[in-house]
Amino acid sequence: MSLQLRLFGGGQTAAGKLNASNDGSHAIDKSKVLASTDKTVITPLTPGSFGSVRTVPVVPAPRYFTKEETDAMKGLAKEKTDGARQSKRVYKFLAHIEAADKTVHKEHRKYEGAVAENELGKKRSDAGLAKKLHSMRPGYARLGLGIDKADSDARTRIDEIKAKLTGGSN
């Protein structure tokens, strides 16, 4: 730590340590940065259930089917085929919604990055002004001392004049 920092403070706490705002530390929590946007989203840490859809049980061995079973399966097949078509459409729309959500999320993070970057630029400007003002302190100290000396000289001169005019007694 420089002598000037020790003498005049400059970003130190009462314990003599640099403040967290200027010692390079951070509050970026990796676990929060990498946390899922939803507890059910698919990630390597939450891979999902790998579940599936099974409308009818698997036929374990070859067998013959009756006319009634065949007609029922035909109706169910039509129903499930239409359901699959509708599901395909819905999943397509859900994918579009996810893509839109990702776009909004990504653009918001760009915006936040711009805010953070501009904040840093503002703080750099503030720091530059602070440095400039500190560099001016000796000049102001000289001016202040000059004024104090002028005041002292004037008081001394006034006291001399008073003493001369009053004959040496105050």
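See the structure shown above.
Novice: I tried to follow a nonpolar patch on the surface on my own but got confused; where do I start?
Specialist: A surface patch of nonpolar side chains, amounting to about 520 Å² of accessible area, comprises Leu 129, Leu 133, Met 136, Tyr 140 and Leu 143. Looking at the secondary structure, you find Met 136 in helix 3 (residues 67–165).

Novice: Would you mind showing me how to read the pattern of salt bridges here?
Specialist: Opposite charge on two side chains makes pairing possible when the charged atoms of those side chains draw close. Using the criterion set out here, one finds nine salt bridges in the structure. Note that Glu 107 is salt-bridged to Lys 110, the shortest N-O span being 3.2 Å. Placement of the pair is Glu 107 and Lys 110 together in helix 3, with a separation of three residues, close to one helical turn. Of the charged contacts, one joins Asp 126 and Lys 123 as a salt bridge, the two residues approaching to 2.8 Å between their closest N and O atoms. Here Lys 123 and Asp 126 lie together in helix 3, a separation of three residues that amounts to about one turn. The class of Lys 123 is partly exposed, set by a relative accessible area of 43%.

What counts, and at which threshold
Residues numbered from 1 in each chain as written. Predicted model: local features only at pLDDT ≥ 70, side-chain atom pairs only at ≥ 80, totals over all residues. Heavy atoms only, no water. Patch = residues over 30% accessible without salt bridge, like charges linked within 9 Å, V, L, I, M, F, W, Y side chains within 5 Å. Areas by Shrake-Rupley, 256 points an atom, 1.4 Å probe, with all protein chains shown as cover. Salt bridge = Lys/Arg side-chain N within 4 Å of Asp/Glu carboxyl O. Helix = DSSP H or I, 4+ residues; strand = E, 2+ residues; numbered from the N terminus. Buried < 20%, exposed > 50% of the residue type's maximum accessible area, 1.4 Å probe, protein only.

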